[in-house]
Amino acid sequence: MSTLELYEGALNVPEIITRWYAEESQYNYGAYIPFIGTVREEDGIEGLSFDVYEPILSSWFDAWQTKTEVLGAKLKMAHSRGDVLVHESSYIAAVFSPKRRVALETIEKFVEDFKASAPIWKYDLKNGARLYAADRSTAIAGAGILGGKR
Amino acid sequence: MSTLELYEGALNVPEIITRWYAEESQYNYGAYIPFIGTVREEDGIEGLSFDVYEPILSSWFDAWQTKTEVLGAKLKMAHSRGDVLVHESSYIAAVFSPKRRVALETIEKFVEDFKASAPIWKYDLKNGARLYAADRSTAIAGAGILGGKR
Amino acid sequence: MVTIEFLGPIQKAPLTLDAASLHDIAEVLKHDSEMAQWIENCAVAVNDTLVSTLDTPLKDGDKVSLLPPVCGG
Amino acid sequence: MVTIEFLGPIQKAPLTLDAASLHDIAEVLKHDSEMAQWIENCAVAVNDTLVSTLDTPLKDGDKVSLLPPVCGG
């Protein structure tokens, strides 16, 4: 069921967003909303780098797909592994839906849960080093049980 | 300031969404969200047709652009005039923003206000006729003053 | 003289008439049977700016536009 | 025997040890100074399913994964 795509390095945004549009063109969706995330130049970074843990990312994505299909809608997602330079794109999430309200609500909830839950780790590429972006990272819901949190 | 594009007939979605992505690629936006509206096959229609009143559409769009620029973001929009057949697209609205929250909130508010306010009239193309979609249309805020409403 | 134009689905040719404010135009259109279905749901623009009151003054050469319910997208 | 793997930025080789539940693993990792900064903020998966309690039983061959704070996109 998955339409989750992982790529080494930066995403080919024109290829992906136009291919997805074409793939769904005959399914009578009224709204298509891709969200495209691009690496910003800030704090002197050369780029970002990503680790992805695919087994849990896939099951997280499939659970979202199941919820979304109940609404008559469909999700697609693409993400980079490894290095992505500034002004290149690393993330695309998209929803197709018969109606606009479901599309607008779904893309927002999906992207927010992605940020909070998807097992992907981000590193700054700076002066030749690859530094974990600890300050921008979020503990997954339920984290900390090994330290006694529940 | 406007980046409002009007076309005769259906939109060339791949051309528009990839050109917009390229146009803004060096401006350090972190999020790009195009919303693409496609004509659904329903109630036996062959397509939709649109009238657009450009002077007021332009000033409505420019007012939105000004509000959006205050947030560091930018809007683009494309719409069809005339006939658009089922499974073709008639509308694209897009936001570019440094951060995702502004992008997600802006695209939702913009698309909803577009539906309520933009001076565009929709007709069903059915059995060779062009029929005003009165039941799906919304009176513009402040309408009715000629009948005594204020 | 001011010109009144009817947008979108209102199938009506433009009118030209003397009017000092939108009150005068409301008065004329109230007696126009073609306009019965539109009077209550049209927005009004003067020279392409939407207005919210009939007290809006008019001057020679102004354009008044009637905008029926919309549905873009 | 169960295997513990450390994902993303946790620079630590996998461990293999005897454990009947996640309680046993918590006990071992508490005494591992390399893990001090991660214990409080890691999520835990057993065989690639996230779990919410240390009472989760383990059997021979299970894989336990530690997931530190994430930031996709």
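Residues numbered from 1 in each chain as written. Chains lettered and ligands numbered in written order. Predicted model: local features only at pLDDT ≥ 70, side-chain atom pairs only at ≥ 80, totals over all residues. Heavy atoms only, no water.

Q: Provide a residue-level description of the overall build of chain C, including the pertinent values.
A: Along chain C, the regular secondary structure elements total one helix and five strands. For chain C, the succession of helices and strands along the chain, N to C, is β-β-α-β-β-β. Here the C-alpha atoms of chain C give a radius of gyration of 12 Å, agreeing with the 11 Å that 2.2 N^0.38 yields for 73 residues. Within chain C, residue pairs in contact and separated by at least 24 positions form 51% of the contacts whose partners lie at least 6 positions apart. For chain C, the exposed surface amounts to about 3,300 Å²; the carbon and sulfur share of it is 53%. Of the side-chain charges in chain C, 4 are positive and 11 negative, and the distance between the mean point of each set is 3 Å. (Helix = DSSP H or I, 4+ residues; strand = E, 2+ residues; numbered from the N terminus. Rg over C-alpha atoms; globule rule 2.2 N^0.38 Å. Contact = heavy atoms within 4.5 Å. Areas by Shrake-Rupley, 256 points an atom, 1.4 Å probe, with all protein chains shown as cover. Lys, Arg positive; Asp, Glu negative; His and termini not counted. Charge placed at Lys NZ, Arg CZ, Asp CG, Glu CD.)

Q: Can you break down the arrangement of the chains residue by residue, with the values?
A: You won't find any contact between chain A and chain C; their C-alpha atoms come no closer than 10 Å. With respect to C-alpha atoms, chain B approaches chain D no nearer than 10 Å, and the pair has no contact.

Q: Describe the sheet that holds strand S4 (residues 49-51) of chain C, listing the residues and the values that go with them.
A: Paired through backbone hydrogen bonds, the strands of a sheet run either parallel or antiparallel to each other. Residue and element names in this part refer to chain C. Spatial strand order, S2-S1-S5-S3-S4: five strands in an open sheet with mixed pairing. Here the strands that pair on one side only, and so sit at the sheet edges, are strand S2 (15-17) and S4. Averaged over all pairs of adjacent strands, the angle between strand axes in this sheet comes to 30°, irrespective of strand direction. Here strand S1 (residues 2-6) runs beside strand S5 (residues 63-67); their pairing, made up of four bridges, is parallel. Residue pairing for S5: Phe-6 is matched across the bridge by Leu-66. (Pairing = 2+ DSSP bridges. Axes fitted to C-alpha atoms, helices over the stretch in contact; angles between N-to-C directions.)

Q: Account for the relation of the copies chain A and chain B, with residues named and values stated.
A: Expressed as a screw operation, the relation of chain A to chain B combines 0.0 Å of axial shift with a rotation of 180°, fitting to an RMSD of 0.0 Å. With respect to symmetry, the two chain copies, as superposed, fit the operation of a two-fold axis. With an isologous cut-off of 70% or more, the 100% of interface residues of chain A that recur at the interface of chain B puts this contact in the isologous class. (Least-squares fit on C-alpha atoms with pLDDT ≥ 70 in both.)

Q: Provide a residue-level description of the interface of chain A and chain D, including the pertinent values.
A: Contact with chain A, which involves 32 residues of that partner, is made by 34 residues of chain D. Overall, the association of chain A and chain D removes approximately 2,600 Å² of surface from exposure, summing both partners, and the carbon and sulfur fraction of that is 64%. Across the chain A-chain D interface, the total number found is zero salt bridges. The interface formed by chain A and chain D includes twelve residue pairs in polar contact (both at pLDDT 80 or more). Looking at side-chain class alone, the side of chain A that touches chain D contains 18 nonpolar, eight polar and six charged residues. (Buried area = accessible area lost by both parts, 1.4 Å probe. Salt bridge = Lys/Arg side-chain N within 4 Å of Asp/Glu carboxyl O. Polar contact = N/O pair within 3.5 Å; in protein donor to acceptor, adjacent residues only side chain to side chain. Nonpolar A, V, L, I, M, F, W, Y, C, P; charged D, E, K, R; others polar.)

Q: With reference to specific residues and values, describe unusual backbone geometry.
A: Unlike most non-glycine residues, Asn-28 of chain B shows phi in positive territory, near 65°. In this structure, Asn-28 of chain B sits in the loop between helix H1 (13-23) and strand S2 (31-38). Classification of Asn-28 of chain B by relative accessible area gives buried; the value is 17%. Phi at Asn-47 of chain D is positive, roughly 50°, even though this residue is not glycine. On the secondary structure map, Asn-47 of chain D appears in the loop between strand S3 (43-46) and strand S4 (49-51). (Buried < 20%, exposed > 50% of the residue type's maximum accessible area, 1.4 Å probe, protein only.)

Q: Outline the layout of surface pockets, supporting the account with residue identities and numerical values.
A: Estimates place the volume of the largest pocket at around 660 Å³. Secondary structure elements with two or more residues in the lining of the largest pocket: S2, strand S5 (89-97), helix H3 (100-117) and strand S6 (120-126) of chain B. Classifying every residue of the lining of the largest pocket by side-chain character gives ten nonpolar, six polar and twelve charged. Those elements giving two or more residues to the lining of the second largest pocket turn out to be strand S2 (31-38), strand S5 (89-97) and strand S6 (120-126) of chain A together with H3 of chain B. If you tally residues by element for the lining of the second largest pocket, the top one is S2 of chain A, at three residues. Class assignment of the residues belonging to the lining of the second largest pocket gives a composition of eight nonpolar, six polar and eleven charged. (1 Å grid on protein atoms, 1.4 Å probe; cavity = no way out; pocket = protein on both sides within 12 Å on 5 of 7 lines; lining within 4 Å. Points joined across faces, edges and corners; volume = space filled by probe spheres on them.)

Q: Which residues make up the packing of aromatic side chains, and what are the values?
A: For the structure on display, the rule yields 22 aromatic pairs over all chains. Within the aromatic cluster, the residues linked to one another by ring pairs are Phe-35, Trp-60, Phe-61, Trp-64, Tyr-91, Phe-110 and Phe-114 of chain A. The ring of Tyr-27 of chain A has Lys-74 of chain A sitting right over it, with the charged end atom 5.1 Å from the ring centre. Just above the ring of Phe-6 of chain C sits the side chain of Lys-12 of chain C; from NZ or CZ to the centre is 5.5 Å. (Phe/Tyr/Trp six-rings, centres within 6.5 Å; stacked < 30°, edge-to-face > 60°. Lys NZ or Arg CZ within 6 Å of the ring centre and 35° of its normal.)

Q: Could you give me a rundown of the interface of chain A and chain B, with the residues and numbers involved?
A: Residue-level contacts link 33 residues of chain A with 34 residues of chain B. Of the roughly 3,200 Å² buried between chain A and chain B on both sides combined, carbon and sulfur atoms contribute 53%. The three residues of chain A that bury the most area against chain B are Tyr-21, Asn-28 and Arg-40 of chain A, which together make up 20% of that side's buried surface. On the surface where chain A and chain B come into contact, there are six salt bridges. Salt-bridge contacts for Arg-101 of chain B lead to Glu-108 of chain A; the nearest nitrogen and oxygen are separated by 2.7 Å. For the interface between chain A and chain B, the tally reads 20 residue pairs in polar contact (both at pLDDT 80 or more). At the level of elements, helix H1 (13-23), S2 and helix H3 (100-117) of chain A are the ones that each hand at least two residues to the side of chain A that touches chain B. When grouped by side-chain class, the residues that make up the side of chain A that touches chain B number 15 nonpolar, nine polar and nine charged. Judged from the four bridges that link them, S2 of chain A and S2 of chain B form a sheet pairing that is antiparallel. Looking at the pairing, Tyr-32 of chain A lines up with Ile-36 of chain B of S2 of chain B.

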